[in-house]
Amino acid sequence: MANPNILLIYTGGTIGMIKDFKTGVLKAFDFKNLLDKIPELLLLECAIETVSFKDPIDSSNMNLEYWVQIAELIEFNYDNYDGFVVLHGSDTMSYTASALSFMLENLTKPVVFTGSQLPIGDLRTDAKENLITSIQMASLQENGKPVVKEVCLYFEYKLYRANRTTKLNAENFKAFASLNYPELAESGVHLKVNADYLLKPDLEKKMIVHKDLDPNIALIKLFPGITEAFLKSVLTTEGLKAVILETFGAGNCTTESWFLSLLKETINRGIHIINTTQCVGGSVMMGHYETSNQLRIMGVVSGKDITTEAALCKLMYLLGLNMSEKEFKTNFETSLRGEMS
Ligand code: ASP
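Starting afresh in each chain, residues are numbered from 1 along the sequence in its written order. Since the coordinates come from a predicted model, pLDDT governs what is reported: local features require at least 70, and pairs of side-chain atoms require 80 or more to be given and counted, while whole-chain, interface and lining totals use all residues. Excluding hydrogens and water, the side-chain values take into account all heavy atoms of the structure.

Visitor: Looking at this structure, how should I read the pattern of salt bridges?
Guide: A side chain with one charge can pair with a side chain of the opposite charge if their charged atoms come near. The term salt bridge refers to a pairing of a side-chain nitrogen on Lys or Arg with a carboxyl oxygen on Asp or Glu at a separation within 4 Å. Enumeration according to the criterion identifies 10 salt bridges in this entry. Arg-164 is the salt-bridge partner of Asp-305, the closest N and O atoms lying 3.3 Å from each other. A residue pair is termed long-range when its members are at least 10 positions apart, and Asp-305 in the loop between β20 (301–302) and α8 (308–320) and Arg-164 in the loop between β11 (158–161) and β12 (166–167) qualify at 141 residues. Just as Asp-305 is buried, Arg-164 falls in that class too. Of the charged contacts in the structure, one is a salt bridge between Lys-314 and Glu-339, with a shortest N-O distance of 2.5 Å. With Lys-314 in helix α8 and Glu-339 in the segment after α9 (325–332), this residue pair connects regions lying 25 residues apart in the sequence. The burial state of Lys-314 is the same as that of Glu-339; both residues are buried. For the purposes of this entry, the term helix denotes a DSSP run of H or I that reaches at least four residues, the term strand denotes a run of E that reaches at least two, and both are numbered from the N terminus. Accessibility here uses a 1.4 Å probe with only protein chains present; expressed as a share of the type maximum, an area under 20% marks a residue as buried, one over 50% as exposed, and anything in between as partly exposed.

Encoded structure:
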């Protein structure tokens, strides 16, 4: 059987930088010379081709146009490759990878995001292991078909479902966590795939690429002492269509009457309010406490155990589909790409 073809897409971030030993400055690495710099890649049983953003970016500059650019690179090359590895800065990797999970409907090939905390040219770099194992994960096949058929994120020996991840640490090599869903695979002496946790898409369906994302949304993190003036100013933003309310614990919030009336009035204006928890693990359970029951009654949408990153991307994706209010609530509360339990 022929070796799998892998397309490596370089968007930017620390992983693709090398130090200029004369000046000590970090600069973008020319991915055309990848095999010269990392000869270990020649040992992998796959063919690797690379494509790079014209001007690689720090992922803090990531935006919706770049998301479409990544989606189109995958769309245009979909039939010619067995898997895709996207090199991306770690800072916003969970957002981009979550967005791509919604944009690529009926995906049946692996799209593995990875990056690193240290540049590829650094002596103690984590980039090589992350890159090499990501390519191996994207190359895994069974009976000539990819084992992984979803958007994932690989970092520090673990393969995660991308839309379940959050960047938790700005320094540790173990920068990401997926607290509400188990790892899809682990790299030790052997690559151990947890097959039961992988998405099993319908292989007959054709991939649909969604590029109309609607960014008219807001994210509000509640805190004790939040004022009516602040909340009102956000909720009356021109063009606003939906709000993610990061609440306390299992989806709880203040029961002060100004707060509840403001939310009710906002919903009556046709703006969706989604309840997600500020906790990195666990789920919203509206109605479990008195402090969340009013939200349930007024029609707030439950984000259940979704991450904030995935919630924002799901919101932009669903708003882009222009559905009715009822359809929107049902769709948001349903797991579309394995993003919620
Ligand atoms: N600031 C960098 C970025 O996200 C950090 C990294 O690559 O890990 O692009």
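And the narrative resumes.
Visitor: Looking at this model, I keep getting lost on the packing of aromatic side chains. Mind explaining?
Guide: By convention here, two paired aromatic rings are described through the distance between centres and the angle between planes. Side-chain rings of Phe, Tyr and Trp, where Trp is taken by its six-membered ring, are said to pair if the distance between their centres is within 6.5 Å; with planes under 30 degrees apart they count as stacked, over 60 as edge-to-face, and otherwise as tilted. By the definition in use, this model includes 8 aromatic pairs. Taken together, a centroid distance of 6.1 Å and an interplanar angle of 55 degrees make the contact between Tyr-81 and Phe-84 tilted. The pair Tyr-81 / Phe-84 is uniform in exposure class, with both members buried. Between Trp-258 and Phe-259, the aromatic rings sit 5.8 Å apart at their centres with planes inclined by 90 degrees, giving edge-to-face as the arrangement. Neither Trp-258 nor Phe-259 differs from the other in exposure class; each is buried.

Visitor: How should I be thinking about the pairing of strand β7 (residues 111–114) in this particular structure?
Guide: The two faces of a sheet get side chains in turn, since along a regular strand they alternate between them. Of the two faces of β7, the one holding Val-111 and Phe-113 and the one holding Val-112 and Thr-114 are both buried throughout. Pairing between two strands is assigned when DSSP locates at least 2 bridges connecting them. Taken together, the 4 bridges between strand β5 (residues 83–87) and β7 define a ladder with parallel strand orientation. Looking at β7, one finds that Leu-87 is bridged to Thr-114. Inspection of the sheet shows β7 paired to strand β10 (residues 151–155) by 3 bridges, in the parallel sense. For Phe-113, the partnering residue across the bridge sits in β10 and is Leu-153.

Visitor: How should I be thinking about the sheet that holds strand β18 (residues 242–247) in this particular structure?
Guide: Hydrogen bonds between backbone groups are what pair the strands of a sheet, and the pairing can be parallel or antiparallel. If you walk across this open sheet you meet the 4 strands as β17-β18-β19-β20, and the pairing is parallel. Only two strands of the sheet have a single partner each, and these edge strands are β17 (217–221) and β20.

Visitor: How should the packing of helix α5 (residues 228–235) against helix α6 (residues 257–268) be read in this particular structure?
Guide: Angle between the axes and distance between the axes are the two parameters that describe a pair of packed helices. Here an axis means a line fitted to C-alpha atoms, over the contact stretch when the element is a helix, while the angle between two N-to-C directions is reported on a 0 to 180 degree scale. The N-to-C vectors of α5 and α6 enclose an angle of 5 degrees; their axes lie 11 Å apart at closest approach. Regarding the angle of α5 to α6, the classification is roughly parallel. On the side of α5, the interface is formed by Glu-228, Leu-231, Lys-232 and Leu-235, while α6 contributes Trp-258, Phe-259, Leu-262, Leu-263 and Thr-266. Each residue gets one label: Ala, Val, Leu, Ile, Met, Phe, Trp, Tyr, Cys and Pro are nonpolar, Asp, Glu, Lys and Arg are charged, and the others, such as Gly, are polar. Taken together, the residues of the contact of α5 with α6 sort by class into 6 nonpolar, 1 polar and 2 charged. Geometric relationships in this document are graded by angle, where less than 35 degrees denotes roughly parallel, more than 145 denotes roughly antiparallel, 65 to 115 denotes roughly perpendicular, and other angles denote oblique. When checking whether two residues touch, look at their non-hydrogen atoms; a contact exists if any pair is within 4.5 Å.

Visitor: How should helix α7 (residues 290–298) be read in this particular structure?
Guide: Given 3.6 residues per turn, any residue in an α-helix points the same way as the ones three and four places further on. Every buried residue belonging to α7 is among Ser-292, Leu-295 and Met-298, and all of these are buried. Down the axis of α7, the smallest arc covering the buried residues is 120 degrees, so these residues share one side. Set apart from the buried face of α7 by more than 90 degrees, the exposed residues are Glu-290 and Ile-297. Buried positions along α7 lie against α6 and β19 (272–277). Looking one or two residues beyond α7, the residue adopting positive phi is Gly-299, at roughly 95 degrees. Regarding the arc, it is the one traced by the directions from the helix axis to the C-beta atoms.

Visitor: Please clarify how the sheet that holds strand β4 (residues 47–57) should be interpreted in this entry.
Guide: Ordered by their spatial adjacency, 8 strands build an open sheet running β4-β1-β5-β7-β10-β11-β14-β15, and the pairing between neighbours is mixed. Unpaired on one side and paired on the other, β4 and β15 (191–193) mark the two borders of the sheet. Along the sheet, successive strands turn relative to each other by an average axial angle of 20 degrees, direction set aside. In this structure, strand β1 (residues 5–12) lies alongside β4, joined through 7 bridges in parallel fashion. Paired with Ile-9 across the bridge in β4 is Val-51. Its contacts with the sheet place helix α3 (residues 93–103) against β7 and β10, and it is angled at close to 155 degrees to β10.

Visitor: Explain the site of the ligand to me, please; I cannot follow it from the model alone.
Guide: Taken together, the residues surrounding the ligand are Gly-13, Thr-14, Asp-58, Ser-59, Gly-89, Ser-90, Asp-91 and Ser-116. Here Asp-91 contributes a side-chain N or O atom positioned 2.8 Å from a nitrogen atom of the ligand. Surface exposure here means Shrake-Rupley accessible area, sampled with a 1.4 Å probe, where a residue is shielded only by the protein chains that are shown. With the chains in place, 89% of the 270 Å² that the ligand exposes on its own is no longer accessible. Taken together, the residues that form the shell around the ligand break down as no nonpolar, 6 polar and 2 charged. Consider each residue's heavy atoms; a residue with any of them within 4 Å of a molecule or strand counts as near. In protein, a polar contact requires one atom able to donate a hydrogen and another able to accept it; more generally it is a pair of N or O atoms within 3.5 Å, and residues adjacent in sequence count only if both atoms are side-chain atoms.

Visitor: What is the right way to look at the nonpolar core in this model?
Guide: Nonpolar side chains in soluble globular proteins tend to be buried together. For our purposes a nonpolar core is just a set of buried Ala, Val, Leu, Ile, Met, Phe, Trp, Tyr and Cys residues, chained together by side-chain atoms within 4.5 Å. If you look at the biggest cluster of nonpolar residues, it comprises 53 residues, and the most contacted ones within it are Trp-67, Ile-74, Leu-100, Leu-104, Val-111, Leu-315 and Phe-332. Residues within four places of Trp-67 in sequence aside, it is in contact with Met-62, Tyr-95, Thr-96, Ala-99, Leu-100, Met-103, Leu-213, Cys-313 and Met-316. By size, the runner-up hydrophobic cluster in this structure holds 32 residues, among which are Phe-29, Ile-48, Leu-87 and Val-112.

Visitor: How do you make sense of the environment of Thr-334 when you look at a structure like this?
Guide: Its place among the elements puts Thr-334 in the segment after α9. Along the sequence, Thr-334 and Lys-304 sit 30 residues apart, while their C-alpha atoms lie 9.6 Å from each other. Ignoring sequence-local partners within four residues, the contact set of Thr-334 consists of Lys-314, Glu-339 and Met-340. There is a polar contact of 2.5 Å between the side chain of Thr-334 and the backbone oxygen of Thr-330.

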